[in-house]
Amino acid sequence: MLPFPAVSQKKRIAIVPGDGIGREVIPETVKVIAATKASVDLTPFDWSAERYLADGVTIPPDGFAMLARDFDAILVGAFGDPRVPTNIHAKEILLGMRFKMDLYANVRPVRLLDSSLCPLKGIEPRDVDFVVIRENTEGMYVDAGGFFKQHTPDEIAVQEDINSRKGVERIIRYAFDYCERHTKQDGSPRQRVLMTDKANVMTYAGGLWQRVFKEVSREYPQIAAEHMYVDALCMQMVRDPRAFDVIVTNNMFGDILTDLAAGLQGGLGMAASGNIHPGKTSMFEPVHGSAPPIAGKNIANPFGAILTAAMMLNHLGLNSEAEKIEAAALEAVRQKKTTQDLGGSLRTKEAGDWVAERISKL
Ligand code: NAD
Ligand code: IPM
Ligand code: MN
């Protein structure tokens, strides 16, 4: 018997590749994490469409409690498989983690690594450097609603948009705190939080968001508080992305805006995200989905997942390891050591190998 219990300083990470290209980009990401020699223990889980079709399990009954208890972070690939048209497994696993583990802040950085990746003319990397803070546990995602007179000519479908005072307040406060704590890539301070909604039409939800935004912003007099309607914001995002710093919004608008914003970064293959509750086990995933048409072909871009790993390592305090990943990914893009969606000629595995090898040499 030892005089003290064994203590491991290693960060414990659950790895859930999921479906489609998730099963290709996550192995590359694991390779890259290993190349950093980060002090981590990685444990794979097979929760996916495949598993669901085999034995009906989406996530085991104690799954969320186990993740919260036994892991410091979770790295997820993507969910979605044409063989499961209801998408029930994605709902139970992915939305399950977000909702049941109360990961209320979906943080989606929007950064351009190289001018060649942006479809806009004359845009430099420093011009695209903002972050979308998406509310992640409420809104139109709560699945509140129902059918009335279903399958009759008089059918009615209701889908509720749920916005709690607590939920709105904590995400807005998170956005201001994020603005205070983070700098831009060039080291300059973040200075502005913009709340976007559709309060001119959705007056109840928008009214609450506007009131709470005004109240919380008073606690941060050094940060500029701005507002735009979400339709106008979409137009502005593709005309001049320099206008943005920190954007905070609801679940649905955040989902849509971050696919649009991914376009500025070079496409969905480049966008990273974290699903965060400060102090709790948080989950990290690329913004893209399972991309069924390109799955299994070794052509998916692994950089969204790889940059997501950097975000996760930063969150875990493994900052120098995260920096290595970011530097290697940046160099890959500059040298066109990329997959075809970015104009390169590498396959998924080769792109992962290149980044891992570059890190090993650092
Ligand atoms: P998607 O993100 O899978 O694909 C959209 C487009 O982007 C496709 O043209 C695809 O080929 C391309 N793309 C995406 N990731 C790429 C990558 N890494 N490299 C190169 N190209 C890439 O979105 P979709 O087609 O709307 O959805 C497909 C499935 O994924 C659906 O079942 C959807 O519900 C699911 N989905 C899951 C997540 C998630 O698990 N987080 C996110 C979005 C969509
Ligand atoms: C995302 C995805 C998910 C969402 C889907 C797969 C449920 O599009 O993470 O952006 O809508 O949040
Ligand atoms: Mn989405």
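About the criteria used
- Residues numbered from 1 in each chain as written.
- Chains lettered and ligands numbered in written order.
- Predicted model: local features only at pLDDT ≥ 70, side-chain atom pairs only at ≥ 80, totals over all residues.
- Heavy atoms only, no water.
- 1 Å grid on protein atoms, 1.4 Å probe; cavity = no way out; pocket = protein on both sides within 12 Å on 5 of 7 lines; lining within 4 Å.
- Points joined across faces, edges and corners; volume = space filled by probe spheres on them.
- Helix = DSSP H or I, 4+ residues; strand = E, 2+ residues; numbered from the N terminus.
- Nonpolar A, V, L, I, M, F, W, Y, C, P; charged D, E, K, R; others polar.
- Patch = residues over 30% accessible without salt bridge, like charges linked within 9 Å, V, L, I, M, F, W, Y side chains within 5 Å.
- Areas by Shrake-Rupley, 256 points an atom, 1.4 Å probe, with all protein chains shown as cover.
- Salt bridge = Lys/Arg side-chain N within 4 Å of Asp/Glu carboxyl O.
- Near = heavy atom within 4 Å.
- Polar contact = N/O pair within 3.5 Å; in protein donor to acceptor, adjacent residues only side chain to side chain.
- Sits in = over half its atoms within 2 Å of the grid points.
- Expected span 1.5 Å × (residues − 1).
- Buried < 20%, exposed > 50% of the residue type's maximum accessible area, 1.4 Å probe, protein only.
- Contact = heavy atoms within 4.5 Å.

Peer 1: Residue-level account of empty space enclosed by the protein, with values.
Peer 2: Under the counting rule described, the total for this entry stands at 2 cavities of 30 Å³ or more. Each pocket or cavity is described by its volume, and for the largest cavity that value is around 60 Å³. Together, Asp161, Asn163, Thr196, Asp197, Lys198, Ala199, Met202, Ala205, Gly206, Trp209, Asn250 and Phe253 line the largest cavity. Among the secondary structure elements, those contributing two or more residues to the lining of the largest cavity are strand E8 (192-197) and helix H6 (203-217). Among the residues forming the lining of the largest cavity, the class breakdown is 5 nonpolar, 4 polar and 3 charged. Estimated volume of the second largest cavity: approximately 30 Å³. Looking at the lining of the second largest cavity, the elements that each hand over two or more residues are strand E4 (105-111) and helix H8 (251-265). Of all the elements, H8 adds the most residues to the lining of the second largest cavity, at 4 residues. Grouping the constituent residues of the lining of the second largest cavity by class yields 7 nonpolar, 2 polar and 1 charged.

Peer 1: Lay out a nonpolar patch on the surface with the relevant residues and their values.
Peer 2: On the surface, a nonpolar cluster with roughly 260 Å² of combined accessible area is contributed by Phe148, Ile156 and Val158. Structurally, isoleucine 156 can be placed in strand E7 (residues 156-159).

Peer 1: Lay out the site of ligand 2 in plain terms, naming residues and giving numbers.
Peer 2: The full set of residues close to ligand 2 is Arg98, Arg108, Arg134, Tyr141 and Asp255. Within the side chain of arginine 98, an N or O atom sits 2.7 Å from an oxygen atom of ligand 2. In the environment of ligand 2, an oxygen atom lies 2.9 Å from a nitrogen or oxygen atom belonging to the side chain of arginine 108. Taking 320 Å² as the accessible area of ligand 2 by itself, protein coverage stands at 73%. Under a 2 Å grid-point criterion requiring more than half of the atoms, the pocket assigned to ligand 2 is the second largest pocket.

Peer 1: Hey, could you go over H8 for me, with residue numbers and the actual values?
Peer 2: Under the 1.5 Å per step criterion, the end-to-end length of H8 is 21 Å for 15 residues, consistent within 8% with the ideal 21 Å. Burial in H8 covers these residues: Asn251, Phe253, Gly254, Leu257, Thr258, Ala261, Ala262, Leu264 and Gln265. Looking at the buried positions of H8, the neighbouring elements they touch are helix H4 (88-100), E4, strand E5 (129-135), E8, helix H7 (230-239) and strand E10 (246-249). Looking at where H8 begins, the residue whose side-chain oxygen comes 3.3 Å from the main-chain nitrogen of methionine 252 is asparagine 250. Looking one or two residues past H8, glycine 266 carries a phi angle of roughly 120°, positive in sign.

Peer 1: Before we move on, can you summarise the site of ligand 1 with the specific residues and values?
Peer 2: Neighbouring ligand 1 are 19 residues, the closest being Phe79, Glu285, Gly289, Ala291 and Asn301. In the model, an oxygen atom of ligand 1 is placed 2.9 Å from a nitrogen or oxygen of the phenylalanine 79 main chain. At a separation of 3.0 Å, a nitrogen atom of ligand 1 approaches a polar side-chain atom of glutamate 285. A total of 800 Å² of accessible area belongs to ligand 1 in isolation, and the protein chains cover 64% of it.

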